[in-house]
Amino acid sequence: MLSATLALALAVAPAAGTASGPPVDVTLPTVHDVRASVDVAPARDVLVLLGGGPDAPAALRRLRASRAFSVAFSRDGGNPEDLLGRLVSVAAGTPDPLLSGYARRAATFGKVLDALETEGTPGGLVQARRIAALLPASRPVSARLVLVPLLGLGGFDDVVAEEDGETIWLFADLPLLAPEGPAEVVPREAVLSLLRAAAAESWKRLFAPFRQPPGWPGETGPDFDTLLARTVNDGPETLFLIPDEFYPLGTMFEEPIERSFARWNAACETLLDPKSSAETRREAFLSVTTRGDFWRRHAPVVGAKVTETILRRAGTKRFVEALAEGPRAVGALYVEVTRKTKEPQLGKAAKKALEAPAAPR
């Protein structure tokens, strides 16, 4: 079954160098074993409980035995039995301000779960292959990414990750995937959005152990090397968040990308100016690293464009080798591959800093 699913995933995966999706060459051999799957059973059992009926006791037993359900609702000291008690009360006819509303939307949630069962695992395997292809080879990674939609998480993040041995549970709040409103929910769009968020969160978790000295020195404050490290680190993560049909990035997003490069280069000039005060440097750093609307996340946008450009112009192998060396190697490679091109350029201050040895940290 797994081999058939993997074959389907590879069949729908864009070939390296095409305009569909990030130009990651997933055909290169890798030391990593990263797999992905979707588990919709807990969400279906929650819907069964909300609806009551003769199948409710069996659904309750399955939820009590579910590892995914237990991990999801034990987070931050929670108790899964608390939610199960509320679900049983709703099934018995007791109104619940939140869960009763979910019960009325069971048909919509069911359509999203159907789409996840059909497209979730093949799409997740494509993302898993991309993640594995971009991880440095210095230490083999073995991970099982399991995407679990649930009701009752009550969070604000698109995806919440929990590590459980080699398993990384990726929990998504189903009502966030299918928000209530006048617009009709398109199940496939919800699935693709969830897969992108899960891939970004998975990359962040799996790449974190590779950020080690000397190539990846620790952050010491608002300076150029810290900004560069954040930019390079956030590049692949941001790349995974962008829909496949929006590649190459410069085709549709030339203006916002140019704006982010301008803001990023201006921040570098301030950070590298010995006359800048500590407060001025701090404000410059925050102006490009503070989270907000997507196109105002200037450092991650620059990182995504840097990553995509190197992948497209130098290939996956060279990008991964530079990533393993550290942020300065990635920055220098970007300068190399964009020389005499119309691609967004790093500013003079940043280029000069990359040519000089890194300051002791």
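Okay, so let's go over this structure. In this text the structure is predicted, and so the values were computed from the model without any measurement.

## A few points about the sheet that holds strand β3 (residues 160-164)
Read across the sheet, four strands follow the order β1-β2-β4-β3 without closing on themselves; strand pairing throughout is mixed. The strands lining the two open edges of the sheet, one partner per strand, are β1 (33-38) and β3. Each neighbouring strand pair of the sheet contributes to a mean axis angle of 20°, computed without reference to strand direction. Pairing between β3 and strand β4 (residues 167-173): five bridges, direction antiparallel. Bridging across to β4, Ala161 finds its partner in Leu170. Running over the sheet, helix α7 (residues 106-134) touches β1 and β2 (142-150) and is turned about 170° from β1.

## Some points on the nonpolar core
Core analysis: the largest hydrophobic core is formed by 110 residues, its most contacted members being Leu116, Leu145, Leu206, Leu227 and Trp264. It is helix α9 (residues 187-207) that contributes the most residues to this core, eleven residues altogether. The contact partners of Leu116, leaving out residues within four places of it in the chain, are Val38, Val40, Thr121, Leu147, Pro149, Val191 and Leu194.

## Brief notes about the pattern of salt bridges
Under the defined criterion, the tally for this structure stands at 25 salt bridges. Here Asp244 makes a salt bridge to Arg130, at a shortest N to O gap of 3.1 Å. Taken as a pair, Asp244 in the loop between α10 (224-241) and α11 (249-272) and Arg130 in helix α7 lie far apart in primary sequence, 114 residues in all. For Arg130, a relative accessible area of 3% translates into the label buried. With a closest N to O distance of 3.3 Å, Glu343 and Arg313 form a salt bridge. Highlighted residues: Glu343 in the loop between α15 (327-338) and α16 (348-355) and Arg313 in helix α13 (residues 298-313), separated in sequence by 30 residues.

Reading the values: rules and limits
- Residues numbered from 1 in each chain as written.
- Predicted model: local features only at pLDDT ≥ 70, side-chain atom pairs only at ≥ 80, totals over all residues.
- Heavy atoms only, no water.
- Pairing = 2+ DSSP bridges.
- Helix = DSSP H or I, 4+ residues; strand = E, 2+ residues; numbered from the N terminus.
- Axes fitted to C-alpha atoms, helices over the stretch in contact; angles between N-to-C directions.
- Contact = heavy atoms within 4.5 Å.
- Core = buried A, V, L, I, M, F, W, Y, C linked by side-chain atoms within 4.5 Å.
- Buried < 20%, exposed > 50% of the residue type's maximum accessible area, 1.4 Å probe, protein only.
- Salt bridge = Lys/Arg side-chain N within 4 Å of Asp/Glu carboxyl O.

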